[in-house]
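Listed below, chain by chain, are the residues.
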Amino acid sequence: MTGLNELQRNFINLFQGGFPLTERPFSNIAALLGTDEATLIPLIQQLLEDRIISRFGPFYNADRLGGAFTLAAMQVPEKDFGEVAKLVNGMDAVAHNYQREHQLNMWFVIAADQPSGIADCIAAIEQATGIRVFNFPKLREFYLGLKLHLDPDGNVDTVPMQFPELKTPYQLDIVDRRIIGVTQAGLPLDTHPYTSVARQIHSDTDDVIARMQRMLESGMIRRIGAAPNHYRLGLKANGMTVWNIADDQLQQVGQQMGALDYVSHCYERPRCLPQWPYNLFAMIHGADREQVYTKLEKMKRAFRHQQVDVLFSSSILKKTGMRIAA
C-alpha cells in the first residue's frame, strides 16, 4: 500500500510488539522515531480510524490465562449463508468469522473463559441452524506471529517474530483481571496510558505496570503494540494451507514449516475423517493469489509427498479481538 509517510511506516515496522511498560511510553518511543508524543499519539489514532491498524495495546493469550478457544467450520448452503452468518456473528464467544472457498465455507474462532464454553457455543449454533459444526481445537502450536514489514515503495510482506523464553503462568487475582478487562480492547491513547488504566481500576501506575510486566514475562500477554490490518496494507490474499502429515513426521514438519519466513500461523489440529484428513494448518499471505501459490509451491517442494489444500478467504464476516471475562 502506498500513501503512508516515513513516520507511519517506521511506527508500524518497529512497534507491532515491544511497546514499553513505562510511565510515559509514547514519549519513549517517539524519541526513537525522531518525533514527540504530541505528534505520535494523533498519528496512532489516525491509523486506527483509517483501519491501517486494527487495534493497539496488549494481546492476551487465552491459553495461558486459563481460557479456551478453537477453530470451527461449517458447510452452509448458499441460500442460508447470510442468515447463518448473522446468527454465528451474534454469538459473543465468536471472535473472528471468515467465508472460505471450500465445501466447509464458514470458518470461525470461538473463545471462552472455560473449556465448557466452547462446547456450549457449538451446541447452540448446531441447535439453531441444524448444521454440524466441525471443531478443530489447537493441539500443538508450532508458530504464531503475524508481523509485517513495509518498505518505502509500498511493498509489504510477512517477517518472522522473535519471542523470549517465558516464565510459568501464575494465578490471576482480581486486580489482574480488572487490568485485562480495561485493556483488552486497546490501550488509552494519552500521554500516561497506564495511569489512565490505574484510575479506571482504582489502583496506581506502578502496580499496573508491574502486573502487566509479569503477565508479559509469563506469556499471558503475547505482545504489546499495533496490529496492522494486512488487507488494508496490501496483503489481500489470505491462504489457509492444510496438510495431511504422517503422525510420526508431524513434529519435525510442523517445526520446520513454522520456521518459514512467510508462515504466520502453524498449528496441529485434529483430523475429522472421512471429511477432513488434514492435521497441520499453516497460514500464508500475499498481495494476490499468485504470491500465495508461489509460496505454497516452495512448501510443496520442501515437504514432499504430502496431501495439501489451500482455502482462500473470500470475505471477512466478523473480526473482533478475543474477549476474556474480567
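Placed above this text is the structure.
On a predicted model such as this, the values are computed, not experimentally measured, just so you know.

A. Region of interest: the overall build of the protein. In terms of regular secondary structure, the protein is built from 10 helices and 13 strands. For 326 residues, the compact-globule estimate of 2.2 N^0.38 gives 20 Å, and the protein sits close to it at 20 Å. Considering only contacts within the protein whose residues lie at least 6 apart along the sequence, 73% involve residues at least 24 apart. Total accessible area on the protein stands at roughly 15,500 Å², and carbon and sulfur atoms take up 48% of it. Computed over 33 positive and 35 negative side-chain charges, the inter-centroid distance for the protein is 3 Å.

B. Fine view of the nonpolar core. Formed by 44 residues in total, the largest nonpolar core has its most connected members in Phe 11, Leu 40, Phe 56, Tyr 194, Met 212 and Met 215. Looking at this core, the element that brings in the most residues is helix α3 (residues 37-49), giving five residues. Discounting chain neighbours no more than four positions away, the residues touching Phe 11 are Ile 29, Leu 33, Leu 40, Leu 43, Ile 44, Leu 47, Ile 53, Phe 56 and Ala 226. Ranked by size, the runner-up nonpolar core spans 21 residues in total, among them Tyr 143, Trp 243, Val 253 and Cys 266.

C. Summary view of the pattern of salt bridges. Taken as a whole, this structure holds 14 salt bridges when the rule is applied. A salt bridge links Glu 141 to Lys 138; the shortest N-O distance between them is 2.9 Å. Exposure remark for Glu 141: the relative accessible area of 34% places this residue in the partly exposed category. Arg 140 is the partner of Glu 268 in a salt bridge, and the nearest nitrogen-oxygen pair spans 2.9 Å. With a gap of 128 residues between them, Glu 268 in strand β11 (residues 263-268) and Arg 140 in strand β6 (residues 140-144) connect regions that are remote in the sequence. The network of salt bridges with common partners includes Asp 63, Lys 138, Glu 141 and Arg 222.

D. Looking closely at unusual backbone geometry. Residues Leu 273 and Pro 274 are joined by a peptide bond in cis, for which omega reads 5°. Following the sequence through the fold, Pro 274 ends up in the loop between β11 and β12 (280-286). For His 202, which is not a glycine, the phi torsion comes out positive at approximately 60°. Here His 202 is to be found in the loop between α7 (193-201) and α8 (205-217). Residue class for His 202 comes out exposed when judged on its relative accessible area of 76%.

E. Broad picture of the side chain of Lys 138. With respect to the helices and strands, the residue Lys 138 is situated in the loop between β5 (134-137) and β6. Separated by 2.9 Å, the side chains of Lys 138 and Glu 141 make a polar contact. Apart from the residues lying within four places of it in its own chain, the contact partners of Lys 138 are Asp 63, Phe 69, Arg 222, Tyr 267, Glu 268 and Arg 269.

Rules of the game
- Residues numbered from 1 in each chain as written.
- Predicted model: local features only at pLDDT ≥ 70, side-chain atom pairs only at ≥ 80, totals over all residues.
- Heavy atoms only, no water.
- Helix = DSSP H or I, 4+ residues; strand = E, 2+ residues; numbered from the N terminus.
- Rg over C-alpha atoms; globule rule 2.2 N^0.38 Å.
- Contact = heavy atoms within 4.5 Å.
- Areas by Shrake-Rupley, 256 points an atom, 1.4 Å probe, with all protein chains shown as cover.
- Lys, Arg positive; Asp, Glu negative; His and termini not counted.
- Charge placed at Lys NZ, Arg CZ, Asp CG, Glu CD.
- Core = buried A, V, L, I, M, F, W, Y, C linked by side-chain atoms within 4.5 Å.
- Buried < 20%, exposed > 50% of the residue type's maximum accessible area, 1.4 Å probe, protein only.
- Salt bridge = Lys/Arg side-chain N within 4 Å of Asp/Glu carboxyl O.
- Polar contact = N/O pair within 3.5 Å; in protein donor to acceptor, adjacent residues only side chain to side chain.

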